[in-house]
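# A structural walkthrough
Residue strings, one per chain:
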Amino acid sequence: MKRGKDIAILLLFVGCMLLINFFKSYNNLDVEGDGFIYLTFSKYYLLMGQSKLRTPLIAIFLIPDVHWARVEMMFFHLGISILIYALCMRYTESRRASLIAALLYGCNWWFVQFTTYTLMELPSVFALLFSLYLLPKKNIAAGVLQGFMFLLKPHYFFFILASLLMIKDRKARSKFILSFLIIAVFLEVLLDFVFYTPHTSRFVYSPWEFFHYNIIVGEDPILLSYKRNLSFSFIISRIMNGNPLTESILRWFLSPLVPLASLILSIKLKRLFTSKFMLAITFLYIIFNLAVLVSYSYEEFRPDKVVIPKTWNITSNYASMVSFYTGEGCCSFSDTLDATLSTLNRCKYLVLVKHPNRLAFYNEVKKYAEENFILIDSYREGIEIEVYENK
């Protein structure tokens with residue numbers, strides 16, 4: 001009964017902040033970063049057999065609507081907060097420490113705003129924490145959840161290795177591994193076969209495509225995009241090259257670490273987290289975060305035409321934004337030049353992003369576009385982007 005009151009308090013504070021953020025961002029339909037890629041994938045690309053880097057599971061559960069997708073993210077944020085409370089209760093047996101740990105994450109305005117991004121970090125972290133809550137007793141269910149986590153964010157694989165250390169019994173560990181493989185391999189191969197094989201002549205396994213293009217090759221075949229390295233060295237490389245760490249990058253990097261840090265600190269510093277002093281600090285912390293959230297203003301962004309918003313933190317993912325909002329789709333680049341040129345005329349719009357490592361490819365596509373398309377907008381600050389409309 002008392003734990004029920006704690007959950008009610010948690011839902012009240014975190015839920016209020018989530019609702020405030022939802023309505024304040026209602027007229028801002030920009031989900032930044034890879035958010036448009038996921039939405040467009042869910043709306044168009046899955047049925048077209050494109051974007052093989054992503055599991056079809058994303059399109060199955062992600063609603064292809066900005067507002068409804070944000071509601072989904074809000075529930076995942078709430079779920080993460082509740083799981084922090086539940087995990088902390090298991091290891092500290094302290095209601096106060098558990099509630100404080102959950103509120104420190106759940107009421108942080110910076111992570112509340114993360115629910116406006118339609119990314120896969122929140123669903124993946126939810127699956128991770130839920131699996132940790134089930135371990136080490138319910139190993140099959142935990143393996144299933146971590147299978148889903150791996151498919152949504154393949155570079156979270158190191159959490160799987162850490163989870164195996166929590167399972168001491170060999171038989172239980174085998175059950176965990178088997179259930180993980182059923183989801184991460186067998187289910188994914190089946191989905192890829194159904195949705196991707198009709199559009200390609202080769203075997204497709206989305207996690208391998210993800211690692212191959214993002215880490216080994218270093219570029220996304222769907223767009224002529226900038227070089228991507230999705231290992232944690234990506235953060236270090238940006239700093240060494242003098243590139244800024246945007247909020248999107250920091251949230252991507254910290255999203256799995258902060259919930260775990262909040263949980264670990266509450267366990268290691270149990271005496272502090274159970275003190276009245278920490279309770280008072282948490283109350284002031286909530287007031288501060290609420291004030292920041294209320295005072296924050298989202299820029300109105302309701303796209304009604306195909307132009308590049310000059311105030312937007314532009315990335316090559318602009319192509320997905322155009323595709324999502326026009327409903328007519330953009331050209332998606334294929335693995336080869338011939339395949340790309342053969343599909344250009346089927347595209348209403350073409351978003352061309354200059355890639356320094358693929359200049360020959362870029363120049364050929366640009367030459368074709370100048371002859372057969374009309375240039376309607378361009379952006380040349382840092383990343384060179386041109387938007388063409390089919391004649």
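Preceding this paragraph is the structure being described.
Thresholds applied
- Within every chain, residues take consecutive numbers counted from 1 along the sequence as written.
- Whole-chain, interface and lining totals are the exception, using all residues; otherwise, since this is a predicted model, local features are given only for residues with pLDDT of at least 70 and side-chain atom pairs are given and counted only at 80 or more.
- Excluding hydrogens and water, the side-chain figures rest on all heavy atoms present in the structure.
- Runs of E in the DSSP output that reach at least two residues are strands. Runs of H or I that reach at least four are helices, and both are numbered from the N terminus.
- The buried label goes to any residue with under 20% of its type's maximum accessible area, the exposed label to any with over 50%, and the partly exposed label to all in between, with areas taken from a 1.4 Å probe on protein chains only.
- In what follows, a contact means two residues having at least one pair of non-hydrogen atoms within 4.5 Å.
- For the accessible areas, the method is Shrake-Rupley and the probe is 1.4 Å, while residue cover comes only from the protein chains on display.
- Only the stretch in contact is used when a helix axis is fitted, and all axes are lines through C-alpha atoms; the angle between N-to-C directions ranges over 0 to 180 degrees.
- Just so you know how the angles are binned, under 35 degrees is roughly parallel, over 145 roughly antiparallel, 65 to 115 roughly perpendicular, and the rest oblique.
- Handedness of a helix crossing follows the sense of rotation of the near helix relative to the far helix, less than a right angle counterclockwise being left-handed and clockwise being right-handed.
- Three residue categories are used. Nonpolar comprises Ala, Val, Leu, Ile, Met, Phe, Trp, Tyr, Cys and Pro, charged comprises Asp, Glu, Lys and Arg, and polar comprises the others, including Gly.
- Helix span is expected to be 1.5 Å times the residue number reduced by one.
- Bend, in this description, refers to the angle at a residue between axes fitted to the seven residues ending there and the seven starting there.
- Only buried residues count toward a nonpolar core, which is a set of Ala, Val, Leu, Ile, Met, Phe, Trp, Tyr and Cys residues joined through side-chain atoms within 4.5 Å.

### Focus on the overall build of the protein chain
Secondary structure summary: the protein chain contains 19 helices and three strands in total. The buried share of the protein chain, reckoned over its 391 residues, is 53%. Excluding contacts between residues fewer than 6 apart, the proportion of contacts in the protein chain whose partners are at least 24 apart in sequence is 69%. As presented, the protein chain carries roughly 18300 Å² of accessible surface, and 65% of it is formed by carbon and sulfur atoms.

### What to know about the packing of helix 1 (residues 2-24) against helix 4 (residues 66-92)
It is the contact of helix 1 with helix 4, at a shortest axis distance of 10 Å, that shows an interaxial angle of 150 degrees. Our classification of the angle between helix 1 and helix 4 gives roughly antiparallel. Between helix 1 and helix 4 the crossing geometry is right-handed. Contacts between helix 1 and helix 4 involve Arg 3, Asp 6, Ile 7, Leu 10, Leu 11, Val 14, Gly 15, Leu 18, Leu 19 and Phe 22 from the first element and His 67, Arg 70, Val 71, Met 74, His 77, Leu 78, Ser 81, Ile 82, Tyr 85 and Met 89 from the second. Its residues assigned to classes, the contact of helix 1 with helix 4 comprises 13 nonpolar, four polar and three charged.

### Points about helix 10 (residues 170-195)
The periodicity of an α-helix, 3.6 residues per turn, causes residues three or four places apart in sequence to face the same way. For helix 10, spanning 26 residues, the distance from its first C-alpha to its last is 36 Å, which sits close to the expected 38 Å at 1.5 Å a residue. Where helix 10 bends most, the angle comes to about 30 degrees, and this point is Ile 182. Among the residues of helix 10, those classed as buried are Ala 172, Phe 176, Ser 179, Phe 180, Ile 183, Ala 184, Glu 188, Leu 191 and Asp 192.

### Considerations on the nonpolar core
Soluble globular proteins: nonpolar side chains tend toward being buried together. Of all hydrophobic cores here, the largest spans 82 residues; its most connected members are Leu 62, Leu 129 and Phe 150. Of all the elements, helix 4 adds the most residues to this core, at 13 residues. Residues contacting Leu 129, with those up to four places away along its chain left out, are Ile 80, Leu 83, Ile 84, Leu 87, Pro 259 and Leu 260.

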